[in-house]
Amino acid sequence: MKKIAVLTSGGDAPGMNAAIRSVVRKSIFEGFEVYGVFQGYQGLINDNIKQLELGDVGDIIQRGGTKLYSARCPEFKTPEVRQKGIENLKKRGIDSLVVIGGDGSYRGAQRLNEEGINTIGVPGTIDNDINGTDYTIGFDTALNTIIDAVDRIRDTATSHERTFIIEVMGRDAGDLALWAGVAGGAETILIPESKTDIKAVAERIEAGMSRGKKHSIIIVAEGVMSAAECGDELRKYINVDTRESVLGHMQRGGKPTGSDRVLASRLGAYAVDLLKDNISGYAVGLEKNEMSKTSFDEVFQKEHVINEKLYQLSKELSI
Ligand code: F6P
């Protein structure tokens, strides 16, 4: 009988639970045994592995976080450490693994696949920075969390006629900032994929002020600079009273949106489909609303790119 394990790794993302549920239920539907590895690669090394039944994933589709816990595990880069994890799987007769996580987690997955465990990656990160999928699990929920925060901040920005700088997550990617900026009607969006010209930002704020505009929202991706730095930089050019908000880890929590739940359900089941057909070494994704698979090599080859048309639109709409 085929035995499949599943783990979540790296920063958690809303919808990871829905993906775990999908992997577990689809595996059992196919007649496989399925195992949960707790605490990501750390748990794989520490043999924190338990067989999962249908009921173990009941009542989790609506929950944020991950029932399997997550960890960052830099030791997993070492071949001897990985070997320990491989032995822990093999002694149970497990030859297949689904890794739900981001870029860093995929690197471990790629190594495991080369070293004899059939591995499939499922994109779970709020950052939306993984090649081979239009959207990652958790992005939509985090985006909506940010939009809610921006809407609230806009209320007080309007009342007090202030400029607010809101720092959002995304690591080296600007997707969360760009999408939240467009959806929240931000006057300025600063993303790492585009050169930041603070003088130009200051001039735009000044031009707005001279037209009678009294408040302004700037969304800065953490990969560009911190909100505090952004405020300091701005004040080199204009006399503006700013307030800064760092949204932080609240962006990673909360119940997943319908979009994230459906995406996670589709991707988790597709990962099992591939393993069933003895296909491994791929990351699954959703491209043009179809399930797709991209080899780990290809995922790493390309640089993450921002949606240029959306970025251009954001500029046109915030004149
Ligand atoms: O990758 C997800 C993410 O939330 C990034 O947006 C952020 O830079 C990072 O993880 C934060 O990591 P940690 O939770 O380890 O501080």
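See the structure above.
Reading the values: the criteria
- Residues numbered from 1 in each chain as written.
- Predicted model: local features only at pLDDT ≥ 70, side-chain atom pairs only at ≥ 80, totals over all residues.
- Heavy atoms only, no water.
- Helix = DSSP H or I, 4+ residues; strand = E, 2+ residues; numbered from the N terminus.
- Rg over C-alpha atoms; globule rule 2.2 N^0.38 Å.
- Buried < 20%, exposed > 50% of the residue type's maximum accessible area, 1.4 Å probe, protein only.
- Areas by Shrake-Rupley, 256 points an atom, 1.4 Å probe, with all protein chains shown as cover.
- Lys, Arg positive; Asp, Glu negative; His and termini not counted.
- Charge placed at Lys NZ, Arg CZ, Asp CG, Glu CD.
- 1 Å grid on protein atoms, 1.4 Å probe; cavity = no way out; pocket = protein on both sides within 12 Å on 5 of 7 lines; lining within 4 Å.
- Points joined across faces, edges and corners; volume = space filled by probe spheres on them.
- Nonpolar A, V, L, I, M, F, W, Y, C, P; charged D, E, K, R; others polar.
- Domains from an automatic or database assignment.

Engineer: Tell me about the overall build of the chain, residues and numbers included.
Structural biologist: Secondary structure summary: the chain contains 11 helices and 11 strands in total. In terms of overall size, the chain behaves like a compact globule, its C-alpha atoms giving a radius of gyration of 21 Å where 319 residues would be expected to give roughly 20 Å. Taken over the C-alpha atoms alone, the chain extends approximately 70 × 35 × 35 Å along its principal axes. Counting across all 319 residues of the chain, residues that qualify as buried make up 53%. Accessible area of the chain: about 14,000 Å², with a carbon and sulfur share of 47%. Distance between charge centroids for the chain: 3 Å, based on 40 positive and 46 negative side chains.

Engineer: Before we move on, can you summarise the layout of surface pockets with the specific residues and values?
Structural biologist: Estimated volume of the largest pocket: approximately 1,000 Å³. Residue lining of the largest pocket: 38 residues in total, with Gly-102, Asp-103, Gly-104, Ser-105 and Arg-171 positioned closest to the centre. Counting residues per element, the ones that place at least two in the lining of the largest pocket are helix H4 (103–114) and helix H10 (296–301). For the lining of the largest pocket, the element with the most residues is H4, which contributes six residues. Within the lining of the largest pocket, the residues separate by chemical class into 10 nonpolar, 12 polar and 16 charged. Built from parts of two domains, the lining of the largest pocket gets at least three residues from each of domain 1 (3–138 + 256–301) and domain 2 (139–252).

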